[in-house]
Amino acid sequence: MSNTEIIEQTIAFVKETLANAEGGHDWFHIQRVFKNAMLIASEENVDPLVVGLGALLHDIADSKFYDGDETVGPKMAHTFLEELQVEEAIITHVENIIKNISFKGGKVNKTFFSKELDVVQDADRLDAIGAIGIARTFNYGGYKNRKIYDPEIAPNLNMTKEEYKNSTAPTINHFYEKLLLLKDKMNTKTGKKVAQERHEFMETFLAQFYDEWNGRK
């Protein structure tokens, strides 16, 4: 099977698997991350197949929707890629990307390093910031029935991984606990450039949000 066919089969599998997924983690999220990843990959010395598969499968079973179980996604990806008879080294690499891509509160040290992981991680983080990142954040907050904002609940910038996973804080807090931190965590030149632009958009949004909240505009 050619690399193109492998990617096409993977796209079909992801579309079907995520057909009823929450709006911020659905096929359209995957599609955006895939496009971002391939754009960044075109300017990096990486294996495009590994990047493509990593991007397409990175949220195939997001632990947030599986009671925090982080093993489901890698296992599902492994089984699927084995069925396509993808080389074992590539399967292992993709599994490691899935295991190490998440933010997890920013307090967890990566145990695996590769340029392909750097590319996919940047692509995923770019979809968490800017206009789409804002939309996804409020979509997920609504999905979890969280408050939009509560001035009495301050952001927690020192959460452990478990505290981050189990947080029920208002959606605005998520900007400070994750989104505004991502600009300085990008790995690639292209990722850093795009992240800067999207970061500035989020700052503008927050300034407008507080003005409206406080009746200033």
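This text follows the structure it describes.
The structure reproduced in this document is the subject of the present report.

Cut-off values and rules
Residues numbered from 1 in each chain as written. Predicted model: local features only at pLDDT ≥ 70, side-chain atom pairs only at ≥ 80, totals over all residues. Heavy atoms only, no water. Helix = DSSP H or I, 4+ residues; strand = E, 2+ residues; numbered from the N terminus. Salt bridge = Lys/Arg side-chain N within 4 Å of Asp/Glu carboxyl O. Buried < 20%, exposed > 50% of the residue type's maximum accessible area, 1.4 Å probe, protein only. Axes fitted to C-alpha atoms, helices over the stretch in contact; angles between N-to-C directions. Parallel < 35°, antiparallel > 145°, perpendicular 65-115°, else oblique. Left-handed = near helix turned anticlockwise from the far one by under 90°. Contact = heavy atoms within 4.5 Å. Nonpolar A, V, L, I, M, F, W, Y, C, P; charged D, E, K, R; others polar. Core = buried A, V, L, I, M, F, W, Y, C linked by side-chain atoms within 4.5 Å. Phe/Tyr/Trp six-rings, centres within 6.5 Å; stacked < 30°, edge-to-face > 60°.

1. Considering the environment of D47
Phase 1 of the analysis: Locating D47 in the fold gives a position in the loop between α2 (27-41) and α3 (48-57).
Phase 2 of the analysis: Spatially, the C-alpha atom of D47 lies 9.6 Å from that of I90, the residues being 43 residues apart in sequence.

2. Observations regarding the pattern of salt bridges
Phase 1 of the analysis: For the coordinates displayed, the defined rule picks out six salt bridges.
Phase 2 of the analysis: A salt bridge links D127 to R32, with the shortest nitrogen-to-oxygen separation between them at 2.7 Å. Note that D127 is positioned in the loop between α6 (115-126) and α7 (130-143) and R32 in helix α2, a separation of 95 residues in sequence.
Phase 3 of the analysis: Residue class for D127 comes out buried when judged on its relative accessible area of 2%.
Phase 4 of the analysis: Within this structure, R32, D127 and R136 form a network of salt bridges that share partners.

3. Considering the packing of α3 against α6
Two numbers describe a pair of packed helices, the interaxial angle and the distance between the axes.
Phase 1 of the analysis: Where α3 meets α6, the axes come as close as 9 Å, and the angle between the chain directions of the two elements is 40°. Looking at the two axes, α3 sits oblique to α6. As for how α3 packs across α6, the hand of that crossing is right-handed. Seen from α3, the contacting residues are V50, V51, G54 and A55; seen from α6, they are E116, V119 and V120.
Phase 2 of the analysis: Within the contact of α3 with α6, the residues separate by chemical class into five nonpolar, one polar and one charged.

4. Observations regarding unusual backbone geometry
Phase 1 of the analysis: Located in the positive-phi region is Q85, a residue other than glycine, with phi close to 60°.
Phase 2 of the analysis: Q85 gets classed as exposed once you look at its relative accessible area, which sits at 72%.
Phase 3 of the analysis: The residue N145 is not glycine, and still its phi comes out positive at about 55°.
Phase 4 of the analysis: Relative to the helices and strands, N145 is located in the loop between α7 and α8 (161-165).
Phase 5 of the analysis: Judged by relative accessible area, N145 falls into the exposed class, the value being 71%.

5. Structural notes on the nonpolar core
Phase 1 of the analysis: V14, L53, L57, L81 and F175 are the most contacted members of the largest nonpolar core, which has 58 residues in total.
Phase 2 of the analysis: Residue contacts for L53: discarding those within four places in its chain leaves I6, I7, T10, L81, I90 and V94.

6. A short note on the packing of aromatic side chains
Phase 1 of the analysis: Inspection of every chain in the model, using the stated rule, returns eleven aromatic pairs.
Phase 2 of the analysis: Here F205 and F209 contribute two aromatic rings whose centre-to-centre distance is 6.2 Å and whose plane-to-plane angle is 40°, an arrangement assigned as tilted. Of this pair, F205 and F209 both sit in helix α10 (residues 189-213), four residues apart, roughly one helical turn.
Phase 3 of the analysis: Overall, the relative accessible area of 25% leaves F205 in the partly exposed class.
Phase 4 of the analysis: Classification of F209 by relative accessible area gives buried; the value is 14%.
Phase 5 of the analysis: Arranged with centres 5.7 Å apart and planes meeting at 25°, the rings of F209 and W213 form a pair that is stacked. Linking F209 with W213, this pair stays in helix α10, spanning four residues, or about one helical turn.
Phase 6 of the analysis: Using a relative accessible area of 41% as the deciding quantity, one classes W213 as partly exposed.
Phase 7 of the analysis: Put simply, the rings of F138, Y149, F175, F205, F209, Y210 and W213 touch in pairs and so form one group of aromatic residues.

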